[in-house]
Structure formats: C-alpha cells, structure tokens
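In case you want the letters, here they are:
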Amino acid sequence: MRYEGAIYRPPSEADSLILQVTIGCSHNKCTFCGSFKDKKFRVRKFGEIKEDIEEAKAYAKYIRKVFLADGDALILSQKRLLPILQAIKDAFPKLERIGIYGNTKSILNKSVEELKVLKDLGVGIIYLGVESGDQVVLDMVNKGTKLDDTAEAAKRVKDAGIILSVTVLLGLGGVERSAIHAEETGKFLSRIDPDYAGALSVILVPGTPLAEAVKKGTFQVPTPYQLLEELAIMIRNTNVTHTFFASNHASNYLPVKAWLPEEKEKTLKAIQYVLDRKDPALLRPEYMRAL
Ligand code: SF4
C-alpha cells in the first residue's frame, strides 16, 4: 500500500483498510484545519488504486471494512468512483461496509439515485463535517458551506439509505459566539437528525489562520469549562429522533456518549456535575488532548 502524507480517518474506521483514492482536501480552506495543508488536492490514478487493492487482497479474508481517504473522497465523479467500488467489492468477499468522507459540495454533486448506486456497491456510511449550526461561525472559519445546502446534503444521504455521521466543533465560535454557536448547532443537529453526531473540541494547529488569530488576539478559545457549557447547551437544544452522540474524541475534556433523546437528561446531569465542581481531576489533562 502506498500512502502519501499523514492519513486521517474517523475513530470508527480504526479496523478498516484505508485506501487513499484522493490526495488532500478539495476545499482545504477552513481556518482551523491543518490536516491537508501540506498536500495539493489531486485524484489518484485508477491504476495505482487498483494496485493497492491487489496488494491488500492477500489479507482479503480479514477485510470487512474499507475507508476511502483523503479529506473528501466523495468529490470523485460517479465515473471515477464506481470502478473503484466495484474493484473493492470484487477483491474482498467478506466486505461489509465502505466508509467515506464527504462534504456538502461533494454530496450535492450526486443525486439520491446516484448515492443509492454507491450504497449498492458497498458505501454504508458517509462522514460529514458540519462544524457549526451558526452560519456566522461557518463564514468566519471559511467553511464554504451554507446551512440550507448542508441540510439538503444530509437529507440526500439519509434518503439513499446510507448512514449519516456528522461532526461538530466545540469552541469554533470563540468566546464571543460560544453560546449561540452551541445553541444553533444543537438546533441544526435536530434539523438534519443524523445517525451519529460527534462533538470534537477546537485544538489550535500551528500555522493555521485560526492559530494566528489567537496570537493576534482576534480570536479567543473558550476555557475547558466554557466548552463544557457549550456541550450542555448543544445537547439541551437537540431534538432528534434517534442519534448516537459522542464527545469522547481525544480533543475533548470530558468524554460523553449518549443515545439521544433517550439519555439526554442523564447526560446533562453528568455534565452539570462536572461544571458544578470545577475539579480539574474530572477533565482530560491538557497533555493528553490531541486531534
Ligand atoms: S475541515 Fe474538512 S473541508 Fe475543511 S479544510 Fe479540513 S478537511 Fe477540508
């Protein structure tokens, strides 16, 4: 297998074969993200991808999940994507699911019918970075998306019968928009009603515009307890039908996992317990936080 640069994958793809079908992120402009800054976006040649699949075939009996990297591999056209999915399907008879990162644009480039074709070829889950339900915050961090478009993209994924897993980012509105970012994000999660929602916390990546803004004093990262307040506001404002919500990522100060709405009150009480005590021993230490 040939990998170019650092490879990122969702935690739930830890046991997947990672197949790098694109290099970098086609957007690559979010002010908080340093993941693909060292890569110029390009699509890998089908021949190279096929060689990687052939190499992995030696382990075919163990491969049940495949994750397509990098940042938004779903940006590939159907013409490019279908042969890749077919080759994966042919190579790994025990395959149960293919996962892929998508963004609003890459999803909206496909109709529900086209997404259904992807599903028939094994795509079982699409990971979508929503980041915030506050349009002011999205514009501020140069996400390049409009909430109505993201809601439509989320709907298409669900209409195609593909699992929708989204991430949001605590602290992205800074201290100034902390409460509104949390409230609007909770409401937006309710609007798109994802199967999975993960809340990460902002970590400053050196060299990114957001890290520079902090240096200049134009952006202030909320304190750990302000981030916990955000988490509580966000959860309080969710009104979903059946979503697994997790903020157990290494960037978070307090790991939370809950089925919403079933465990909403219990979870809010647990967060309030930590907020009332303000005991640092109840939080993940700073040195253990990571992206
Ligand atoms: S956050 Fe996602 S869309 Fe934005 S630059 Fe990073 S990988 Fe690309």
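Residues numbered from 1 in each chain as written. Predicted model: local features only at pLDDT ≥ 70, side-chain atom pairs only at ≥ 80, totals over all residues. Heavy atoms only, no water.

## Here's the deal with the overall build of the protein
Applicable threshold: Helix and strand definitions here come from DSSP, where helices need a minimum of 4 consecutive H or I residues and strands a minimum of 2 consecutive E residues; each element is numbered from the N-terminal end. Only the C-alpha atoms count toward the radius of gyration. The rule for a globule is 2.2 Å times the residue count to the power 0.38. Here's how the labels work: a residue is buried when its accessible area is under 20% of the maximum for its type, exposed when over 50%, partly exposed in between, all with a 1.4 Å probe on protein chains only. Two residues form a contact once any of their heavy atoms are found within 4.5 Å. Residues counted as positive are Lys and Arg, residues counted as negative are Asp and Glu, and His and the chain ends are not counted. The atoms used to mark charge sites are NZ of Lys, CZ of Arg, CG of Asp and CD of Glu.
Within the protein, the regular secondary structure consists of 10 helices and 10 strands. Compactness check: the protein gives a C-alpha radius of gyration of 19 Å against a globular reference of 19 Å for 291 residues, within 12% of the reference. Residues classed as buried in the protein amount to 53% of the 291 residues present. When contacts within the protein are restricted to residue pairs at least 6 apart in sequence, long-range pairs at least 24 apart make up 76% of them. Of note, the protein has its 42 positive side-chain charges centred 3 Å away from the centre of its 37 negative side-chain charges.

## Focus on the site of the ligand
Just so we agree on the cut-off: Nearness of a residue to a molecule or strand requires only that one of the residue's heavy atoms be within 4 Å of it. Classes in brief: Ala, Val, Leu, Ile, Met, Phe, Trp, Tyr, Cys and Pro nonpolar; Asp, Glu, Lys and Arg charged; the others, Gly included, polar.
Around the ligand, the neighbouring residues are Cys25, Asn28, Lys29, Cys30, Phe32, Cys33, Phe36 and Lys143. The class makeup of the residues in the shell around the ligand is five nonpolar, one polar and two charged.

## Observations regarding helix α2 (residues 78–91)
Given 3.6 residues per turn, any residue in an α-helix points the same way as the ones three and four places further on. Keep this limit in mind: Multiplying one less than the number of residues by 1.5 Å gives the expected span of a helix.
An ideal rise of 1.5 Å per residue puts 20 Å on 14 residues; α2 measures up with 20 Å between its terminal C-alpha atoms. Listed as buried for α2 are Gln78, Leu81, Ile84, Leu85, Ala87, Ile88 and Ala91. Contacts from the buried residues of α2 go to β1 (17–20), α1 (46–56), β4 (65–69), β5 (97–102), α4 (112–120) and β6 (123–131).

## Considerations on the sheet that holds strand β10 (residues 257–260)
Backbone hydrogen bonds are what pair the strands of a sheet, in a parallel or an antiparallel way. Put simply, the rule reads: For two strands to count as paired, DSSP must find a minimum of two bridges between them. Lines fitted to C-alpha atoms define the axes here, with helix axes fitted over just the stretch in contact, and angles between the N-to-C directions of these axes take values from 0 to 180 degrees.
Ordered in space as β1-β4-β5-β6-β7-β8-β9-β10, the eight strands form an open sheet in which the pairing is mixed. Bordering the open sheet on either side are β1 and β10, each of which pairs with just one other strand. The sheet shows a mean angle of 20 degrees between the axes of neighbouring strands, taken without regard to direction. Sheet strands in contact with α2 are β1, β4, β5 and β6, and its direction is about 155 degrees off that of β4.

## Topic: the packing of α2 against α4
Heads up, the rule is: Working definition: roughly parallel below 35 degrees, roughly antiparallel above 145 degrees, roughly perpendicular at 65 to 115 degrees, and oblique for all remaining angles. Each crossing is labelled by how the near helix is turned from the far one, with a counterclockwise turn of less than a right angle marking it left-handed and a clockwise turn marking it right-handed.
Between α2 and α4, the shortest axis-to-axis distance is 10 Å and the interhelical angle comes to 20 degrees. One finds that α2 runs roughly parallel with respect to α4. Where α2 crosses over α4, the two elements pack in a sense that is left-handed. Contacts from Gln78, Leu81, Leu82, Leu85 and Lys89 in α2 reach Glu114, Val117, Leu118 and Asp120 in α4.

## Some words on α4
Put simply, the rule is: In this context, the arc is that of the directions from the helix axis out to the C-beta atoms.
Taken together, the buried positions of α4 are Val112, Leu115 and Leu118. Summarising the axial view, the buried residues of α4 lie within an arc of 110 degrees, below the 170-degree limit, and thus occupy one face. Set apart from the buried face of α4 by more than 90 degrees, the exposed residues are Glu113 and Asp120. Tucked inside the fold, the buried residues of α4 contact α2, α3 (104–108), β6 and α6 (147–159).

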